[in-house]
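Survey of secondary and tertiary structure
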Amino acid sequence: MSELKDATGADVESLVLARVLAALGGLVLEVEEQTPERGWIRVDPARIREASRILFEDLGGRLATVTGIEVRDGIDILYHWCLDADHYVATVKGLAQAPAMAIDSVGQDLPAADWIEREMHDLLGAEFTGHPDMRRLLLADDWPEGVHPLRRGFKVPKVDSEGKRETQEWAGAPDEAARKREFSRPRRPQPGRTLINIGPFHPLQEEAEFFQLYCEGETVVDMDVRLSYNHRGIEELSTRMTWDQVPFLVERVCGICSASHPWAYIRAVETLCGIQAPPRAEYLRTIVAELERLHSHMLWLGLAGHFLGYNTVWMWAWKYREPIMDILELITGSRIHYANNRIGGVRRDVSPDLYGEIRKAVDSIKAPLELITKAVIDDPVLHARLKGVGVLSYDEARRWGVTGPTARASGVPIDVRRDHPHGAYDEVEWQVITQTEGDVFAKAVVRCLESFESIKIVEQCLDQIPDGPVAAEVDHIPRGESCSNYEAPRGETFHYVRSDGGPGPVRHKIRAPSYVNIPSFRASCIGQQVADVTIILASVDPCYSCTERMARLVDAQTGRPMGTFQDMVRASRERTRRLRKEC
Amino acid sequence: MSLTTFGLKKSPWVYHVNVGACNNCDIEVLELLTPRYDVERLGIVLVGSPRHADALLVTGICTRQAEPRLREIYRQTPKPCVVFCIGSCAMTGGIFRHAYHFSRPVDEVIRDEDPNAIIAYIPGCPPKPEAMIAGAAKALAAL
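Attention here is on the structure that accompanies the text. Residue numbering note: each chain is counted from 1, following its sequence as written. Think of it this way: whatever chain is written first is A, whatever ligand is written first is 1, and the rest follow in order. Totals for whole chains, interfaces and linings use every residue, but because this is a predicted model, local features are given only for residues with pLDDT of at least 70 and side-chain atom pairs only at 80 or more, for both listing and counting. Neither water nor hydrogens contribute to the side-chain values; these are computed over all heavy atoms in the structure.

**A look at the nonpolar core**
The criterion is simple. A nonpolar core is a set of buried Ala, Val, Leu, Ile, Met, Phe, Trp, Tyr and Cys residues joined through side-chain atoms within 4.5 Å. For each residue, the accessible area found with a 1.4 Å probe, counting protein chains only, is set against the maximum for its type, and the residue is called buried under 20%, exposed over 50%, and partly exposed in between. With 145 residues, the main nonpolar core has A:L24, A:I41, A:I77, A:Y79, A:Y265 and B:F84 as its most contacted residues. Ranked by residue count, the leading element in this core is helix α8 (residues 279-308) of chain A, at seven residues. Secondary structure elements follow DSSP: runs of H or I of four or more residues count as helices, runs of E of two or more count as strands, with numbering from the N terminus.

**Thoughts on the environment of A:R62**
Residue and element names in this part refer to chain A. Locating R62 in the fold gives a position in strand β4 (residues 62-71). Here, two residues are considered to be in contact whenever any of their heavy atoms come within 4.5 Å of each other. Not counting chain neighbours up to four residues away, the residues in contact with R62 comprise H80, W81, C82, D84, G401, V402, T403, I414, E492 and R511. There is a polar contact of 2.9 Å between the side chain of R62 and the side chain of D84. Two N or O atoms count as a polar contact when they lie within 3.5 Å, although within protein this holds only if one can serve as hydrogen donor and the other as acceptor, and sequence-adjacent residues are included solely when both atoms are side-chain atoms.

**Points about the interface of chain B and chain A**
With 46 residues of chain B at the contact, the number on the chain A side is 66 residues. For the chain B and chain A pair, buried surface summed over both sides reaches about 4,600 Å², with 57% attributable to carbon and sulfur atoms. Considering only the surface of chain B that becomes buried against chain A, B:R64, B:Q65 and B:Y100 emerge as the three largest contributors, covering 18% of it. By definition here, a salt bridge exists when the distance from a side-chain nitrogen of Lys or Arg to a carboxyl oxygen of Asp or Glu is within 4 Å. Counting every contact that joins chain B to chain A gives nine salt bridges. Note on definitions: buried area is the accessible-area loss of two parts on being combined, 1.4 Å probe, summed for both.

**Considerations on the sheet that holds strand β15 (residues 491-499) of chain A**
Residues and elements named next belong to chain A. For two strands to be treated as a pair, DSSP must find at least two bridges joining them. The antiparallel open sheet is built from three strands, whose spatial order is β14-β15-β16. Unpaired on one side and paired on the other, β14 (480-488) and β16 (507-511) mark the two borders of the sheet. The sheet shows a mean angle of 10° between the axes of neighbouring strands, taken without regard to direction. The pairing of β15 with β16 spans five bridges and is antiparallel. Looking at β16, one finds that Y496 is bridged to K509. Axis lines are fitted through C-alpha atoms, for helices just across the contact stretch, and the angle between N-to-C directions can take any value from 0 to 180 degrees. Relative to β14, helix α7 (residues 260-273) is tilted by about 145°, and along the sheet it contacts β14, β15 and β16.

**What to know about unusual backbone geometry**
The omega torsion of the bond from A:A98 to A:P99 falls at 5°, within 30 degrees of zero and hence cis. Looking at where A:P99 falls in the secondary structure, it is placed in the loop between β6 (88-97) and β7 (102-104). In this chain, B:C125 is followed by B:P126 through a cis amide linkage whose omega measures -15°. In this fold, B:P126 is placed in the loop between β5 (118-122) and α6 (129-142). Unlike most non-glycine residues, A:H87 shows phi in positive territory, near 55°. Here B:D38, not a glycine, exhibits a phi torsion of approximately 35°, which is positive. Here B:D38 shows up in the loop between α2 (24-31) and β2 (45-46).

**Some details on helix α3 (residues 67-76) of chain B**
Residues and elements named next belong to chain B. Turning to α3, its buried residues are E67, L70, R71, I73 and Y74. Projected onto a plane normal to the axis of α3, the buried residues spread over an arc of 160° and lie on a single side. Close packing links the buried residues of α3 with β1 (13-18), β3 (55-59), β4 (82-86) and α5 (106-113). By arc we mean the arc of the directions from the helix axis to the C-beta atoms, nothing more.

**So, the environment of A:R240**
When you line up the elements, A:R240 lands in the loop between α5 (234-238) and α6 (246-251). For A:R240, a relative accessible area of 39% puts it in the partly exposed group. Spatially, the C-alpha atom of A:R240 lies 23 Å from that of A:E473, the residues being 233 residues apart in sequence. The residues contacting A:R240, other than those within four sequence positions of it, are A:V156, B:H98 and B:A99.

**Describing the pattern of salt bridges**
Residue and element names in this part refer to chain A. According to the stated counting rule, one finds 55 salt bridges over all chains in the structure shown. Where R226 meets D141, a salt bridge forms, and the shortest distance between an N and an O atom there is 2.6 Å. Separated by 85 residues along the polypeptide, R226 in strand β11 (residues 219-226) and D141 in the loop between β8 (127-129) and α4 (176-179) bring together distant segments of the chain. Using a relative accessible area of 10% as the deciding quantity, one classes R226 as buried.

**Details of the packing of aromatic side chains**
Each aromatic ring pair is specified by the distance between its two centres and by the angle formed by the two planes. Here a pair means two rings of Phe, Tyr or Trp (six-membered ring of Trp) with centres within 6.5 Å. Their orientation is stacked below 30 degrees between planes, edge-to-face above 60, and tilted elsewhere. Across all of its chains, the model carries twelve aromatic pairs over all chains by this definition. Here the aromatic rings of A:Y425 and A:Y486 are separated by 6.4 Å at their centres, their planes lie at 35°, and the arrangement is tilted. Of this pair, A:Y425 sits in the loop between α15 (416-419) and α16 (440-464) while A:Y486 sits in strand β14, and the two are 61 residues apart along the sequence. One exposure class covers both A:Y425 and A:Y486, and it is buried. Ring-pair connections join several aromatic residues into one group, and the members of that group are A:W143, A:F154, A:W170 and B:Y100. Criterion for a charge above a ring: Lys NZ or Arg CZ within 6 Å of the ring centre, and within 35 degrees of the ring normal. Over the face of the ring belonging to B:F96 we find A:R232, whose NZ or CZ atom lies 4.9 Å from the ring centre. The ring of B:Y74 carries the charged tip of B:K79 above its face, separated from the ring centre by 4.5 Å.

Rendered as structure tokens:
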């Protein structure tokens, strides 16, 4: 299925790949064309920064993520570039040669690669020359130095069904000395700045995360975030499971994307095997995924209302979301973890008797959704509160590689459902909603309008769904590698799998949408008022269980923690109240 | 029955701690507050600080980074308090129990801190909101 071609690009079939090769010119060492939408290019590792610049600037690529894999000669670093307008994913490989395992940092030019390089430093021990900030990102403070869980030879002792480890002596056993080292300590604020801590535990944050806002007066001048509270090590766990067990695991990457992650994984495996799910299965996947998007967008609208002091919006949005949860339970058996996807198709068929129920549920939320949308779009207080707040410009959105509603609100017209066709999305009529302002208001509008598109998609799927089998036979998973993506409610989720022909993946890289959306806070929060930060943070619909896997405010002069997240929510609500009087 | 236990049973104030969950149990916990389940009508109130809480709703696998924070939160909670381990992950580590970043099951961490801690378990992945209400009712009846 895949073959090695020579480096000149003269005989590649895809015009897009030929264009990429022409632009990269003498940097290319080896090319492999897997399918008409996937190409793998090995380049000279010494010139990886140049290759990245060409792909980002000249070809308009978006750095989806970077995968690191330990190979015989060192660590292979795979830069996955999405050329969305061309429906193409080009992966550029560079080898970080052992024993130094070092490669030039792309993160110093392109912020999209910042976190992922830190992550690979943690998990694989790769070194990135020139990276400005190599502190720990994902591993705990007490994780011993120099132990990398994704390296070969790393073993975790067995754990019984009660959750007890058979031995406490293993490579990753807690090391109290590591806790005191520089990499686990937050940066100190400069004199004249205040540090405000948000997290790690707070009632309004469903998840543990720890943000640190560096402020001058009321203005945020810098931000930092510490992850690890939610890091569960799913990528390593996945390599100890079988191909068919992994969907259940990746479903639990994040509870609100539990249709999206398995779908992205399954698409990658299906590309690797060269199989296609039957049309009925693609329709059923689309219906469940769109119902999930609907409930997720309503959940966000509710929470955003809650942060602004509009608790009515919260209660309404969550009340009207219930029929969707019921229908998901009816067709998949569970309110949240659906377990309906498998390699080659879906696990369970949906009886045509249920179509009416689905239609009724989707119909029932149209009127409330219109009501909420109008309440959001026409409310003068919300205009005053959200317009021009937390602007992420088009250029910044591209540089940070953001995806989903966050990108679309900044005028970057990307949507995996349209750009990388799959499922039933190319057989139904729907639109990609974009706005140009890039502020919090635009993000709210994008989500409201997208919900209507999801309703349209579900209704058309129910009209057109063909009969037939719901799963294709899969013999075995051949050797090779593959990557794929899916548009989760928060943005693109990207999966990479590598097989050695065995029972499970030997490397599985997962990049969830919040992983690229959250770091863009550094572009959108800086220069903003403290009272606006909560809603800006909430505007990308952050999902920390996805990201791994935190911020705090500190007084600039004394270095003492200043406000709590609660104070900030209070400040945020007071500002809404003040504006309401003025309007 | 002491006055504090009476107060706890009459209207338990709960604090939600996520120590490394996939978000699902957390959404279902928030779901409890919204109109369909509306646990405030039963006197259950979600509060913003462990110092105000009678019960901790713990979700997730207790990761290495979160374990010392969970202990600190438990120390801050006034006693008597009930710790609810919500979901398979909080009970045993669930599907993630073999992971390198998994510390110990939540009940062990709490017992380590306080051998007489009152711990209730609500199994499920995630438990349905109805199951959480039933679990809370049973645990309070047993006090």
